[in-house]
Amino acid sequence: MERIQTDKKVTLKYTMKTHLADGVTKEQPEEQMTFIFGVERQAPNLEKALEERGVGDKIHITVPPSEIYGEHDVSLIKELPRKGLIKQRLKEGHYYRQMRMGSLISFRILEIRPKTVLGDKEGNRCGY
């Protein structure tokens, strides 16, 4: 059986499951990705799981968010004024997204306070 080796092309078919903080699991449709093993870096847990695997092997792995997004950065938690935010979209634990003056604001709502919202921009690359 042919084995996965450094400098060889690897094509994976995978189904991603996301386990949310509220206990809900979301499953995405099957996707496919191709990369050169050992050259085009992947999440460390994925690379380790593929070592010494053969063509056609099926595996189940867990990739922690820190391997994809980096360690949690508390400096991205900000207290934001509620004024100008759409009240119906404010739900703790959910993501808030809104176009404002041609820019997308996006953050996860940690806490709703009387005049402010505590938001975590973690994992987002857009401003708020």
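Here is what the cut-offs are and how they apply
Residues numbered from 1 in each chain as written. Predicted model: local features only at pLDDT ≥ 70, side-chain atom pairs only at ≥ 80, totals over all residues. Heavy atoms only, no water. Helix = DSSP H or I, 4+ residues; strand = E, 2+ residues; numbered from the N terminus. Buried < 20%, exposed > 50% of the residue type's maximum accessible area, 1.4 Å probe, protein only. Areas by Shrake-Rupley, 256 points an atom, 1.4 Å probe, with all protein chains shown as cover. Lys, Arg positive; Asp, Glu negative; His and termini not counted. Charge placed at Lys NZ, Arg CZ, Asp CG, Glu CD.

Looking at the overall build of the protein chain
Part 1 of the argument: Scanning the protein chain for helices and strands turns up two helices and eight strands.
Part 2 of the argument: Helices and strands in the protein chain line up, N terminus first, as β-β-β-β-α-α-β-β-β-β.
Part 3 of the argument: Oriented by its inertia axes, the alpha-carbon framework of the protein chain measures out at about 65 × 30 × 25 Å.
Part 4 of the argument: Split into buried and exposed, the 128 residues of the protein chain put 21% on the buried side.
Part 5 of the argument: Carbon and sulfur atoms provide 50% of the accessible area of the protein chain, an area that totals close to 9,800 Å².
Part 6 of the argument: Here the protein chain carries 23 positive and 19 negative side-chain charges, and the mean point of each set is 10 Å from the other.

Looking at unusual backbone geometry
For residues besides glycine, phi is generally negative; the peptide bonds are generally trans as well.
Part 1 of the argument: One non-glycine residue, D7, lies in the positive phi region at around 75 degrees.
Part 2 of the argument: You can see D7 is positioned in the segment before β1 (9-14).
Part 3 of the argument: Its identity is not glycine, yet M101 carries a phi of approximately 50 degrees, on the positive side.
Part 4 of the argument: Within the secondary structure, M101 sits in the loop between β6 (95-100) and β7 (103-112).

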